[in-house]
Structures are given as C-alpha cells and as structure tokens.
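Here's the letter readout for the chains.
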Amino acid sequence: MTYISFLSDYGGRFVDGMLVTALQFLCSLALATVLALVFGLMLLSSNAAVKGAAVVYVEFFRGTSLLVQLFWLFFVLPLFGITLEPFFTGFLAVGLNIGAYGAQLVQGAIKSVPRGQWEAAYALSMSPAKRMRRIIIPQALVIMLPAWGNLVIELLKSTALVALIAVPDLMFEAKQLNSSTYLSTWTFGTALVIYYIFARFLVTPTMRSLEHVMARRMGRS
Amino acid sequence: MEALSSFPLELTGPEVPMVRFMNVRKTYGDFVVLDNLNLDIAPGEMVTVIGPSGSGKTTVLRMLMTLETINGGVIYVDGKPLTHMPKNGVLVPADAKYLRKARSSIGMCFQHFNLFPHMTALENCMEGPVQVLGLSRREAKERAEELLSMVGMIEKKDQHPARLSGGQQQRVAIARALAMRPKVMLFDEVTSALDPEVIGEVTNVIQDLVTKHNLTMLMVTHQMGFARDISDRICFFYGGKIEEQDTPEELFANPKSKRTQQFLSAVKAAD
Ligand SMILES: Nc1ncnc2c1ncn2[C@@H]1O[C@H](COP(=O)(O)OP(=O)(O)OP(=O)(O)O)[C@@H](O)[C@H]1O
Ligand SMILES: [Mg+2]
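Residues numbered from 1 in each chain as written. Chains lettered and ligands numbered in written order. Predicted model: local features only at pLDDT ≥ 70, side-chain atom pairs only at ≥ 80, totals over all residues. Heavy atoms only, no water.

Under an unreviewed UniProt entry, chain B has the name Polar amino acid transport system ATP-binding protein and belongs to Sinorhizobium kostiense. Heading Subcellular location (unreviewed entry) of the UniProt record for chain B holds this comment: "Cell membrane". (UniProt positions renumbered as here; feature names shortened; annotations may be inferred.)

Chain A has the name Polar amino acid transport system permease protein in an unreviewed UniProt entry, where Sinorhizobium kostiense is given as its organism. If you open the UniProt record of chain A and go to Sequence similarities (unreviewed entry), you find "Belongs to the binding-protein-dependent transport system permease family. HisMQ subfamily."

**Student:** I keep staring at the confidence of the model for chain B and nothing clicks. Help me out?
**Tutor:** Detailed reading of predicted coordinates is not advised where the pLDDT is low. Residue and element names in this part refer to chain B. Per-residue confidence for chain B gives a mean pLDDT of 95; residues scoring 70 or more make up 99%. The weakest mean pLDDT in chain B belongs to helix H9 (residues 258–270) at 90; the strongest belongs to helix H3 (residues 121–131) at 98. Interface predicted TM-score (ipTM) for the complex: 0.95; the corresponding pTM is 0.91. (pLDDT = per-residue confidence, 0-100. Helix = DSSP H or I, 4+ residues; strand = E, 2+ residues; numbered from the N terminus.)

**Student:** Sorry, what's going on with the UniProt feature "transmembrane region" (unreviewed entry) in chain A here?
**Tutor:** Residue and element names in this part refer to chain A. Within this numbering scheme, the UniProt entry marks residues 20–44, 56–81, 87–106, 140–166 and 186–203 as carrying the feature "transmembrane region" (unreviewed entry). End C-alpha atoms of residues 20–44 are separated by 36 Å, and the span's content is 96% helix alongside 0% strand. What you have in residues 140–166 is 70% helix and 0% strand, and the ends, taken at the C-alpha atoms, are 38 Å apart.

**Student:** When you look at the interface of chain A and chain B in this model, what are you seeing that I'm missing?
**Tutor:** If you look at the interface, chain A gives 25 residues, while chain B gives 25 residues. When chain A packs against chain B, the two sides together hide about 2200 Å² of surface, and 55% of this comes from carbon and sulfur. The largest share of the area that chain A buries against chain B comes from Tyr122, Leu124 and Ser125 of chain A, three residues that together contribute 29% of it. Here chain A is connected to chain B by two salt bridges. For Glu127 of chain B, the salt bridge identified is with Arg134 of chain A, shortest N-O distance 2.7 Å. (Contact = heavy atoms within 4.5 Å. Buried area = accessible area lost by both parts, 1.4 Å probe. Salt bridge = Lys/Arg side-chain N within 4 Å of Asp/Glu carboxyl O.)

**Student:** Is there a simple way to think about the packing of aromatic side chains in this case?
**Tutor:** Within a pair of aromatic rings, the relevant descriptors are the distance that separates the centres and the angle that separates the planes. For the coordinates displayed, the defined rule picks out 15 aromatic pairs over all chains. Plain terms: the ring middles of Tyr3 of chain A and Trp186 of chain A are 5.4 Å apart, the flat faces sit at 65° to each other, and that makes the pair edge-to-face. With a gap of 183 residues between them, Tyr3 of chain A in helix H1 (residues 3–43) and Trp186 of chain A in helix H8 (residues 184–217) connect regions that are remote in the sequence. By relative accessible area, Tyr3 of chain A is classed as partly exposed at 32%. Note on Phe71 of chain A and Phe75 of chain A: the rings are 5.4 Å apart at their centroids and 85° apart in plane angle, and the pair reads as edge-to-face. One end of the pair is Phe71 of chain A and the other is Phe75 of chain A, both in helix H3 (residues 66–76) and four residues apart, which spans about a single turn. On the basis of relative accessibility, which here comes to 45%, the residue Phe75 of chain A falls in the partly exposed class. By way of ring pairs, the aromatic residues Tyr3, Phe6, Tyr10, Phe14 and Trp186 of chain A are connected into one cluster. The ring centre of Tyr28 of chain B lies 4.8 Å from the NZ or CZ of Lys26 of chain B, which sits over that ring. Directly above the aromatic system of Tyr122 of chain A lies the positively charged group of Arg103 of chain B, at a separation of 3.5 Å from the ring centroid. (Phe/Tyr/Trp six-rings, centres within 6.5 Å; stacked < 30°, edge-to-face > 60°. Buried < 20%, exposed > 50% of the residue type's maximum accessible area, 1.4 Å probe, protein only. Lys NZ or Arg CZ within 6 Å of the ring centre and 35° of its normal.)

**Student:** Please explain helix H5 (residues 115–123) of chain A as it appears in this structure.
**Tutor:** One turn of an α-helix holds 3.6 residues; hence residues three or four places apart share an orientation. Buried residues dominate H5 of chain A, accounting for seven of its nine residues. All of the buried residues in H5 of chain A are Gly116, Gln117, Glu119, Ala120, Ala121, Tyr122 and Ala123 of chain A. For H5 of chain A, the secondary structure elements touched by its buried residues are helix H6 (128–158) of chain A together with helix H1 (57–64), helix H2 (96–102), strand S8 (106–109) and helix H5 (166–178) of chain B.

**Student:** For this particular structure, what's the right way to read H9 of chain B?
**Tutor:** All names here are of chain B. Between the first and last C-alpha of H9 there are 18 Å, a value that for 13 residues agrees with the 18 Å anticipated at 1.5 Å per step. What H9 keeps buried is the set Thr260, Phe263, Leu264 and Val267. Mapping the buried residues of H9 onto a view down its axis gives an arc of 95°, with all of them on the same face. Away from the buried face of H9 by more than 90 degrees, exposed residues Lys258 and Ala269 are located. For H9, the elements touching its buried residues are strand S3 (46–50), helix H7 (224–230), strand S11 (233–238), strand S12 (241–246) and helix H8 (248–253). N-cap assignment for H9: the residue whose side-chain oxygen lies 3.0 Å from the backbone N of Arg259 is Ser257. (Expected span 1.5 Å × (residues − 1). Arc of directions from axis to C-beta. Polar contact = N/O pair within 3.5 Å; in protein donor to acceptor, adjacent residues only side chain to side chain.)

**Student:** What's the story with the packing of H1 of chain A against H8 of chain A in this structure? I'm lost.
**Tutor:** The angle between the axes and the distance between the axes are what describe a pair of packed helices. All names here are of chain A. Following both chains from N to C, one finds H1 and H8 inclined at 45°, their axes separated by 10 Å at the closest point. One element, H1, and the other, H8, form an angle in the oblique class. Taken as a pair, H1 and H8 cross one another with a handedness that is right-handed. From H1, Tyr3, Phe6, Leu7, Phe14, Met18, Thr21, Ala22 and Phe25 reach across to H8, where they touch Trp186, Thr187, Thr190, Ala191, Ile194, Tyr195, Phe198 and Val203. Each residue belonging to the contact of H1 with H8 can be placed in one class, and the counts come to 13 nonpolar, three polar and no charged. (Axes fitted to C-alpha atoms, helices over the stretch in contact; angles between N-to-C directions. Parallel < 35°, antiparallel > 145°, perpendicular 65-115°, else oblique. Left-handed = near helix turned anticlockwise from the far one by under 90°. Nonpolar A, V, L, I, M, F, W, Y, C, P; charged D, E, K, R; others polar.)

Dropping the structure here:
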C-alpha cells in the first residue's frame, strides 16, 4: 500500500476528524477568552470575595492536570447525576483550563498598563468601568497579544486530549485508523502534520495579523 | 487634628477663592509630606510652585486632582468642598461618586503627557467630552478641533501620539484637559521631559492661556524665567511647607527667607 492510496482510502476520516478538532478549537477558544477576561478582571477586584473566587478558579485549573479535569467532568459528574455530551465536555474542560492561564495573562497585562494612563483617565473624571473599557483594556490587549498567541497554540494542542473521552476529533480518528490498519507511522504522521499545519499556517498568521492591526491602532506601523 | 465639624460646608462671602487648601495634611505612613498647608488661589490667578526636589510640589497638585487622598484638613474648589462632602450638616470624606463630579472642574497636565496611545490627537481630545460630559461626537469634534487649533496642532489631529514629538504631545495633552472646560488647570513640570528646543512651543501655549483666558492655574516648574514671566504669585515650598510666597518681582528680587535665597542662587548657578 502506498501513502497515496492510504490517503485516498482514509483521507475522509482525517477530514472528519479535522473538522471536529476545528470546532473543538473554536468553542474552547471562545470559552477560554470569555473566562480569561472575566476572571482576569476579578483577580484585580478590591472585593475579597470576588478576588478569592477568581484565585480559587485559577489555582484549581492551573494546579491540576487537564487530563484529570477532563476525566473528572466526564466520569465523575455523572455519579452526581450530571451527564454531559462528550463534545461539550471536551471543550468545557479545555476552555476552563486554558481560561485559567488566560486570566493570569489578562491580569498581568492590565497591571502593566502604565500608571500614567490610569491617572490621565481619572483626571478626565472617567468612571472606573469606562476607564477600564475605553483606556486600559485596549492597551492591555496589545501588551498580552504575543503571550496570548502562545496560549492559543497550547489550546490547540490540548484539544487532542478530548479523543480520550471519545470525541471523534483528529486524534481519535488517527487512533481508530491505527488500530484497524496498524499503519502507525502514516496515521500518526499524518495527524502530526495536520496539527502542525493548523498551528503554523492558520493560528500563527492570524495572531500575527492581529498584532499588526493592533500596532496600527497604536499608530506604530 | 481638628474635627471635621470645624470646617465650613461651603465658603461664602464677597471673595470666595477658586481653590482653598485649609489645614491640609498629607502623610505616607509615618512620613509627613505636608503639614497644615493653607493656600488660597483667587479666580483667574496663576500661581507657580517652586522648591527643591522632594519638597511636596507634585503632592500639592495631586491632592488637588484628588489623585492622592489627604490625611487632614479640607480642600475647597469654587467654594465647595472637593475632598469631602456634606452629610447631615457636617463634612465627611467624599465617596467615589462625589469625587468624580467634584474633580471634573479640575484639569491636569502631566510631566510625561500620558496621552492615550491607541487614539489619535483628535480622539484624545474627544474622549472626555463624549464619554464623561455626554457631548455628541459632532459637538466634541468641533470643540476638540478648536482647541487643537489653539495649541497649533490641528494639522496633526489624525496622528497617534507615537508619531508626535514630546512638545507636540504635551500641546495635545493641554488641549485634551481644556476640552473638559475645567475651572482650574494644573501643570506639573510639563516641560521637564522635553528637549530644550521644543520647550518654547509648550510655554507659549501656557502663556497664551494666561493672557487670553480667565483660567485659574497652579503650576510646578523648574524654569524660573518662565515662572517669573507668567505668574501672579510664586510659592516657594521647603520641607512640605510654604517657606515664602510673593509676586515674582518681589520674590526673585528680594527673597526674605534664607532658604529661598539659597535655593534661588543655587538655581541661578545651575543655569
Ligand atoms: N507614593 C509615595 N509614597 C511614599 N512617599 C512618597 C510618595 N510620593 C511622594 N512621596 C514623598 O513625598 C515627598 C514629596 O514628594 P513630591 O513628589 O511632592 O516632591 P516634589 O517637590 O514634586 O519633588 P520633585 O521636584 O523631585 O518632583 C518626597 O519626599 C517623596 O519621597
Ligand atoms: Mg514633582
């Protein structure tokens, strides 16, 4: 069997897997982004209860393994009567996990907006909410974008774990093909290349162009 | 420290000052920066604060902008308390909402400009009027353009701060503060971060404000010549106290305090 015929026989399976991976990626990215922003702001709150809740979230999801979190959501929650779809469980776990890292990025970026910016907005009598939304967050986004790009790649790689709870993603399809064909080199090799192309030719250029857009908004290009 | 009940809820009488510091005290932990500061600024008056490094000049301005809370006394602006608010017939420390309203009559320009880098010069000047004063974008744009013309920056109105020189940024920052129509303007060493050759473009703008507008201004500067030219009064700060204050003519020609004399001759020697 040549690699060409392997691809023509099983290419469709890879494509199916890729689509599921892409969906997992998009859903967990959306979730992680929202969580990162919300909990990142909560980490900066002067209210001890609000801040405490965010610290617990971040500590828990950063301090334990994503795989264990995934299994916990999938195998333990049903014991309490909560059963979630594999697809939903998959991006929920990845989103929660990466969101915790993202929250710390958001917190750090907001804190590194120069004090003069906070004071200038204050001197214009801006309310704290407006100051955050109009002055601080736009600048924090620019600061955190490079680190955010790395996190997005990390997120993409993390989605491969959802195969372990039978979400039919790229990794899952590769594993299935491997156990029916025993062509490990080709199945996993193809999966590796697809993940790489995904990261290198889709995610990275998107982040780059975002950075570019941001630089232009700051009048720096 | 005196009880707050001994401070008036409002200043009344024929000559209400635009700004009054009344027995103001500022400390950082055990360190007393300013103690029992009393300073009145009349409407339309230009007062310049000079003094050695660490004497509390910046702190005076930051307290008036309410960027620093005070540890004693009361500051009044236009007869009304700024740092405190009346409640059941006595003054209590102002809450965030009161402060936001009260400080809107004060504008401040900073040593490092602090323009918003993600906005053009025009947007910087429209931000406060639109977001805080609730002007329509059209009105805010008109106002911003008028002020940018006044400071000679209308040609650069669509540039971001990163594309402007320090002197240009500082002029935009002045326009941004003026767009809020403050009653009092504060300038903290606004030329200190500038190259010598562009200092003039900023001082000219301030000079213009003094001659053509009836703004009350409080300025900190190390440029004695400029201070002498435009101030109605100079306050020499030393160790958190007003050591001496007078008209520029008097203070520069006949400083009475030994410390003022030393400071002025040291500055002259450095020039
Ligand atoms: N956040 C702070 N915490 C502790 N001490 C402070 C703080 N800000 C200022 N100080 C101290 O208060 C004193 C007055 O400072 P201020 O900045 O008002 O001086 P200044 O007269 O403006 O000096 P300069 O000419 O160097 O700008 C200084 O001794 C300074 O060290
Ligand atoms: Mg200072």
